[in-house]
Amino acid sequence: MTAERLLSRARRAGLGEIAEKVVARERLSLEDGVALYRAPDVHAVGELANWVRERRHGDLAYFNVNQHINYTNLCNKLCRFCAFQRLPGQEGAYLMTPEQVAEKIRAQLHEPVTEVHMVAGVWPKIPYEYYLDILRAVKAVRPQIHIKAFTMVELDQIAKKARKPLEEVLPELIEAGLGSVPGGGAEVFSERVRQETYHLKNSGDEWLEIARKVHQAGLRSNCTMLHGHIETPAERVDHLDRLRLLQDETGGFQTYIPLSFHPDNSEMADVPAPTALDELREIALGRLMLDNIQHVKAYWILMDVPVAQLCLSYGADDVDGTVVEEKIYHDAGATTPQEVQREELIQWIRDAGRIPIERDTLYGVV
Ligand code: V47
């Protein structure tokens, strides 16, 4: 699409001034962000985001061959949106031993897996050594694999158990095999929302401070926002802006992933789930507001696959990976498969009109 057509389409949707900034590569303001959330024509918002996406990545769409391991569902944070957490003695509660984690890796040795994504609940009785042991257990079975593990919230707990500052703990985790950090646990930085739905979890400022330390230790991380529950458009824009400001400082975020709320089996089961149009808009807002983060991921596991395919024309350039055994979203009612074959993922991307590129965790082409 030419710039003229983009501008005239945006003007008809009342987004002319924002479109001019997009074309001129100017940073969008908080007011622009709220206007994009409130714009009735979501497709016009998507076209702006697609313009930015194609300017950065052309027709390329990234995926990887990965494996998820959720090593425990024991958690003391009691987030009201979460259906995965358990307390000891509750039905289904588990904590994998390092040997069980190793067994999960061994079970996929026949697949060309390049990454393990390892996150879990926060349980204070788990000793510091356990975290080092599960990293070493993975590397002992598959030395070449990249370990993307431990959200900022888990890292906070790990440092508490180590009784050392995070700055000293991170090099030890890296030595044991940690390669990068996933984006979870950020939820929405708004203190109002935190008090109502996850008051035991780190505050937004704390999450950002841990991410800063992670980046300063030389690790890349991802970042997320959990959307579609009780947060307002202004609170979402504030969240995106705070990610953008930290990125200006550290440059350590490589991918942004909006996570749409899945209400089933959670304490917030009465809150309606976001619609497909909400998911498309959220991807577009991420692409338009986060002008300094290279990638935007449509995590196919939490969307219907056709929605993830559409997201590739609404700002996303990545769909995550093959996954294998996902628990957090399937406990919360996701009906997508838990695993997909590499060839199927490639076909989904081709069917969406994009060129599939297999990447490793740090976006090296495989
Ligand atoms: O931290 C939990 C969220 C996150 C629900 O970095 C929920 O590449 C919606 O962060 N409805 C974990 N969201 C998943 C995550 C992630 C996923 C894929 C890729 C990457 C990456 C990161 O899921 C949690 C929390 O924010 N979450 N329960 C729920 N019911």
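Above this text sits the structure in question.
Note that this is a predicted model, so its numbers are computed, not measured.

1. Digging into the site of the ligand
Thinking step 1. What surrounds the ligand is a group of 21 residues, the closest being Lys148, Gly183, Gly185, Glu187 and Lys297.
Thinking step 2. For the ligand, an oxygen atom lies 3.3 Å from a polar atom in the backbone of Gly184.
Thinking step 3. One of the side-chain N or O atoms of Glu187 is found 2.5 Å from an oxygen atom in the ligand.
Thinking step 4. Considered on its own, the ligand offers 620 Å² of accessible surface; in the complex 95% of this is hidden by protein.
Thinking step 5. Among the elements of the structure, β6 (221–227), β7 (253–260) and α14 (328–331) are those that each provide at least two residues to the shell around the ligand.
Thinking step 6. Residues that form the shell around the ligand fall into these classes: 10 nonpolar, seven polar and four charged.

2. Notes on the pattern of salt bridges
Thinking step 1. Evaluated as defined, the whole model comprises 34 salt bridges.
Thinking step 2. Among the salt bridges present, the one from Glu325 reaches Lys104, with a minimum N-O distance of 3.0 Å. Of this pair, Glu325 sits in the loop between β9 (318–321) and α14 while Lys104 is found in helix α5 (residues 98–106), placing the two residues 221 residues apart along the sequence.
Thinking step 3. Here Lys104 falls in the partly exposed class, since its relative accessible area comes to 27%.
Thinking step 4. Residues participating in the shared-partner salt-bridge network are Arg9, Asp41 and Glu47.

3. Here's the deal with the nonpolar core
Thinking step 1. Formed by 118 residues in total, the largest nonpolar core has its most connected members in Met118, Phe150, Leu155, Leu173 and Trp207.
Thinking step 2. Counting residues per element, this core draws most heavily on helix α6 (residues 128–141), at nine residues.

4. As for the pairing of strand β2 (residues 66–69)
Thinking step 1. A two-sided burial pattern is seen for β2, the buried positions comprising Asn66 and His68 on one face and Gln67 and Ile69 on the other.
Thinking step 2. The pairing of β2 with strand β3 (residues 115–118) spans four bridges and is classified as parallel. Note on β3: the bridge partner recorded for Ile69 is Met118.

Thresholds applied
Residues numbered from 1 in each chain as written. Predicted model: local features only at pLDDT ≥ 70, side-chain atom pairs only at ≥ 80, totals over all residues. Heavy atoms only, no water. Near = heavy atom within 4 Å. Polar contact = N/O pair within 3.5 Å; in protein donor to acceptor, adjacent residues only side chain to side chain. Areas by Shrake-Rupley, 256 points an atom, 1.4 Å probe, with all protein chains shown as cover. Helix = DSSP H or I, 4+ residues; strand = E, 2+ residues; numbered from the N terminus. Nonpolar A, V, L, I, M, F, W, Y, C, P; charged D, E, K, R; others polar. Salt bridge = Lys/Arg side-chain N within 4 Å of Asp/Glu carboxyl O. Buried < 20%, exposed > 50% of the residue type's maximum accessible area, 1.4 Å probe, protein only. Core = buried A, V, L, I, M, F, W, Y, C linked by side-chain atoms within 4.5 Å. Pairing = 2+ DSSP bridges.

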